[in-house]
Amino acid sequence: MTALLPERTVLDELPPMPDTAPPIVLPDLLAGVGLKPRRVPAWITDRGLIESILAGHIDIPDDLHPEAVS
């Protein structure tokens, strides 16, 4: 019987974090799992588009977030 090796991911290539380092949680990750409201750029005024962004149907790239409203 042959054992299967676990599949490698991109995270396997990262260096280990020191035990004293604070945890890093990206804001967009928290929004993606529904723990934080999604950011909507202030220049978007269409209510339908805002609702689609808040519902997670549309993602706005970070470089288009000069200022965000919740």
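Computed from a predicted structure; not experimentally measured. (Residues numbered from 1 in each chain as written. Predicted model: local features only at pLDDT ≥ 70, side-chain atom pairs only at ≥ 80, totals over all residues. Heavy atoms only, no water.)

How should I be thinking about the pattern of salt bridges in this particular structure?
Should their charged atoms come close, side chains of opposite charge can pair. Inspection of the entire model under this criterion finds 2 salt bridges. Between aspartate 59 and arginine 38 there is a salt bridge, with the nearest N and O atoms lying 3.6 Å from each other. With a gap of 21 residues between them, aspartate 59 in the loop between α2 (47-55) and β2 (68-69) and arginine 38 in the loop between α1 (27-32) and β1 (40-41) connect regions that are remote in the sequence. On the basis of relative accessible area, aspartate 59 is assigned to the exposed category, the value being 62%. (Salt bridge = Lys/Arg side-chain N within 4 Å of Asp/Glu carboxyl O. Helix = DSSP H or I, 4+ residues; strand = E, 2+ residues; numbered from the N terminus. Buried < 20%, exposed > 50% of the residue type's maximum accessible area, 1.4 Å probe, protein only.)

What is the right way to read the environment of arginine 38 from this model?
Taking the C-alpha atoms as reference points, arginine 38 and alanine 55, 17 residues apart in sequence, are found 8.2 Å from one another. Ignoring any residue separated from it by four or fewer positions in sequence, one finds arginine 38 in contact with Ala31, Gly32, Ile53, Leu54, Ala55, Gly56 and Asp59. (Contact = heavy atoms within 4.5 Å.)

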